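# Architecture at a glance
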Amino acid sequence: MMRARYAADPARSRGRRFHEPPAPTRSEFQRDRDRIVHSTAFRRLVYKTQVFLNHEGDLFRTRLTHSLEVAQLGRSIGRSLQLDEDLIETIALAHDLGHTPFGHAGQDVLDDCMQAHGGFEHNLQSLRVVDRLEQRYPSFDGLNLTFESREGILKHCSRRNANLLEAQEPDGVAARFLRGGQPSLEAQLCNLADEVAYNAHDVDDGVRSGLVSLEQLEQVPLVAEHLRSSLHAHPGLNGKRLLAETIRRMLSEQVYDIIRATGQSLAELDPVSIAAVRGAAPLVRFSAAMRAASSELKRFLFANLYRHEQVQATRGRAERVLRDLFQTYFADAAQLPADFADSEDHARACADYIAGMTDRFALREHERLTGQRLFG
């Protein structure tokens, strides 16, 4: 694999928190990727909500399919930019491991429940999963990933939590949030590929669900442009094929735009190493025109899909499920599994247990503990 001098190099990784001898047939980032794929938290993503609850339809995206789409987009772009594709895939597959059941509704509830106990951030929880909560190895907790993978997983972090992480791991993955600076280009790319993926698949799922229509989407320039070009190239195209072709063209334009704009940034800075990347402004980017177009699509989805009355009704019931679970576990530790009940930080253990649940397990637990069935 061709790798540019500004890319992350697994042979020069900043290493793992616990020393391990190198694998004979895999790079350090390949090893990280494989550990993610075999983790319990990764398997659970198949039953965690993206926008639509899992029971609402078999073809809607889940956190797992979303993560796979981010990985595909990231690798495609990264190959053109001569970045390390294995690191990109690792970060993409791991970036949502800390997400709660029921999507962002779950995160908001847990953050509210945990306000007196340090709050809850899903990005920080993803790091917590790979650093502590996965229990597969006899010598350490977590997956013992490389610094570069962990850095990419921690996309955002409050200053308070960054200070706590820095105290535990000086000059570690949280240092950039305190001192300024950027992560690797692979991490920057995954962050943007995440946005491209969820905008596109939420258009797809929104139309398939019937909550938004192609006619409404004609108000959004980024979609309308590719809807028109699809019909021009294929007169009479309609239904699922028209939707798929429109999204395919929209994705392609965004991918090529990122490659061009990022290539321009790299040409202007000419970074000679990953250290130069870390000390620069963000380099992976859209062009100004595409950034504006993507932001307009995002505003449309917020107004017409995420805040649709049907989605909001589901969100309200999901919030009740997780709030009831937290209150029950917090009041009675005996309701938790032994690994969580024995924790010195009881509130955090409650949040860890709930965050690790799938949608359907959370619903079963809620019904077991309360006798109520809030979803059909």
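Residues numbered from 1 in each chain as written. Predicted model: local features only at pLDDT ≥ 70, side-chain atom pairs only at ≥ 80, totals over all residues. Heavy atoms only, no water.

### Description of the overall build of the protein chain
Counting secondary structure elements, the protein chain contains 19 helices and zero strands. In terms of overall dimensions, the protein chain is globule-like: its C-alpha atoms have a radius of gyration of 21 Å, near the 21 Å expected for 376 residues. Counting only C-alpha atoms, the protein chain reaches 65 × 50 × 35 Å along its principal axes. Burial statistics for the protein chain: of 376 residues in total, 53% are counted as buried. If you take every contact in the protein chain between residues at least 6 apart in sequence, the share linking residues at least 24 apart comes to 70%. Averaging the positions of the 48 positive and the 52 negative side-chain charges in the protein chain gives two centres separated by 2 Å. (Helix = DSSP H or I, 4+ residues; strand = E, 2+ residues; numbered from the N terminus. Rg over C-alpha atoms; globule rule 2.2 N^0.38 Å. Buried < 20%, exposed > 50% of the residue type's maximum accessible area, 1.4 Å probe, protein only. Contact = heavy atoms within 4.5 Å. Lys, Arg positive; Asp, Glu negative; His and termini not counted. Charge placed at Lys NZ, Arg CZ, Asp CG, Glu CD.)

### Considerations on helix H18 (residues 346–355)
By the criterion of burial, H18 is predominantly enclosed, with ten of the ten residues buried. Those residues of H18 that sit buried are His346, Ala347, Arg348, Ala349, Cys350, Ala351, Asp352, Tyr353, Ile354 and Ala355.

### Quick word on the layout of surface pockets
Space inside the largest pocket adds up to approximately 1,300 Å³. Considering the residues around the largest pocket, the lining is formed by 44 residues, among which Gln125, Arg128, Arg132, Leu133 and Asp352 are closest to the centre. Those elements giving two or more residues to the lining of the largest pocket turn out to be helix H2 (40–44), helix H6 (122–133), helix H8 (159–168), helix H17 (338–341) and H18. At eight residues, H6 tops the list of elements feeding residues into the lining of the largest pocket. In terms of residue class, the lining of the largest pocket is built from 15 nonpolar, twelve polar and 17 charged. Its boundaries defined by the atoms lining it, the second largest pocket holds a volume of some 1,000 Å³. (1 Å grid on protein atoms, 1.4 Å probe; cavity = no way out; pocket = protein on both sides within 12 Å on 5 of 7 lines; lining within 4 Å. Points joined across faces, edges and corners; volume = space filled by probe spheres on them. Nonpolar A, V, L, I, M, F, W, Y, C, P; charged D, E, K, R; others polar.)

### Looking at the nonpolar core
If you look at the biggest cluster of nonpolar residues, it comprises 77 residues, and the most contacted ones within it are Ile36 and Leu97. Ranked by residue count, the leading element in this core is helix H10 (residues 185–209), at eleven residues. Once residues within four sequence positions are removed from consideration, Leu97 is found in contact with Ile36, Ala41, Phe42, Leu45, Lys48, Ser126, Val129 and Val130. The next biggest cluster of nonpolar side chains, apart from the first, holds 23 residues, and it includes Val109, Cys113, Phe120 and Leu374. (Core = buried A, V, L, I, M, F, W, Y, C linked by side-chain atoms within 4.5 Å.)

### Topic: the environment of Arg360
Assignment of secondary structure puts Arg360 in helix H19 (residues 359–370). In this structure Arg360 comes out as partly exposed when scored by relative accessible area, which is 42%. C-alpha of Arg360 to C-alpha of Tyr47: the two residues are 313 residues apart in sequence and 7.0 Å apart in space.

### Section: the packing of aromatic side chains
Enumeration according to the criterion identifies seven aromatic pairs in this entry. A centroid spacing of 5.7 Å and a plane angle of 10 degrees characterise the contact between Phe18 and Phe140, whose relative ring orientation is stacked. Remark: Phe140 occurs in the loop between H6 and helix H7 (147–153) and Phe18 occurs in the segment before helix H1 (28–37); sequence separation between them is 122 residues. Within the aromatic cluster, the residues linked to one another by ring pairs are Tyr329, Phe340, Tyr353 and Phe361. Directly above the ring of Phe147 sits Arg14, whose terminal nitrogen or CZ lies 3.9 Å from the centroid. It is Arg35 that lies over the ring of Tyr137; its NZ or CZ is 4.8 Å from the centre. (Phe/Tyr/Trp six-rings, centres within 6.5 Å; stacked < 30°, edge-to-face > 60°. Lys NZ or Arg CZ within 6 Å of the ring centre and 35° of its normal.)

### A look at the packing of H6 against H18
Running from N to C, H6 and H18 cross one another at 100 degrees; their axes reach a closest spacing of 12 Å. When the interaxial angle is binned, H6 and H18 end up roughly perpendicular. Judged by residue contacts, Gln125, Arg128 and Leu133 of H6 engage Arg348, Asp352 and Ala355 from H18. (Axes fitted to C-alpha atoms, helices over the stretch in contact; angles between N-to-C directions. Parallel < 35°, antiparallel > 145°, perpendicular 65-115°, else oblique.)

### Quick word on the state of the cysteines
Taken as a whole and assessed by the stated rule, the structure comprises zero disulfides. Cysteine Cys113 shares no disulfide, and the gap to the nearest cysteine sulfur, in Cys350, comes to 9.6 Å. (Disulfide = S-S within 2.5 Å.)

### A closer look at the pattern of salt bridges
Applying the stated criterion across every chain yields a total of 39 salt bridges. Between Arg75 and Asp86 there is a salt bridge, with its nearest N and O atoms 4.0 Å apart. Placement of Arg75 in helix H3 (residues 63–80) and of Asp86 in helix H4 (residues 85–94) is noted, with a sequence separation of eleven residues between them. As a salt-bridge pair, Glu245 and Arg249 come within 2.7 Å of each other at their nearest N and O atoms. One end of the pair is Glu245 and the other is Arg249, both in helix H13 (residues 239–269) and four residues apart, which spans about a single turn. Three or more residues joined by partner-sharing salt bridges are found here, namely Arg26, Arg33, Asp34, Arg75, Arg79, Glu85, Asp86 and Glu89. (Salt bridge = Lys/Arg side-chain N within 4 Å of Asp/Glu carboxyl O.)

### Here we look at unusual backbone geometry
A positive phi is found at Gln82, a non-glycine position, where the angle reads about 60 degrees. Assignment of secondary structure puts Gln82 in the loop between H3 and H4. Its relative accessible area of 31% is what places Gln82 among the partly exposed residues. Residues other than glycine seldom take positive phi values, yet Asn144 does so here, at roughly 55 degrees. For Asn144, the location among the structural elements is in the loop between H6 and H7. Relative accessible area serves as the criterion here: at 2%, Asn144 is assigned to the buried category.

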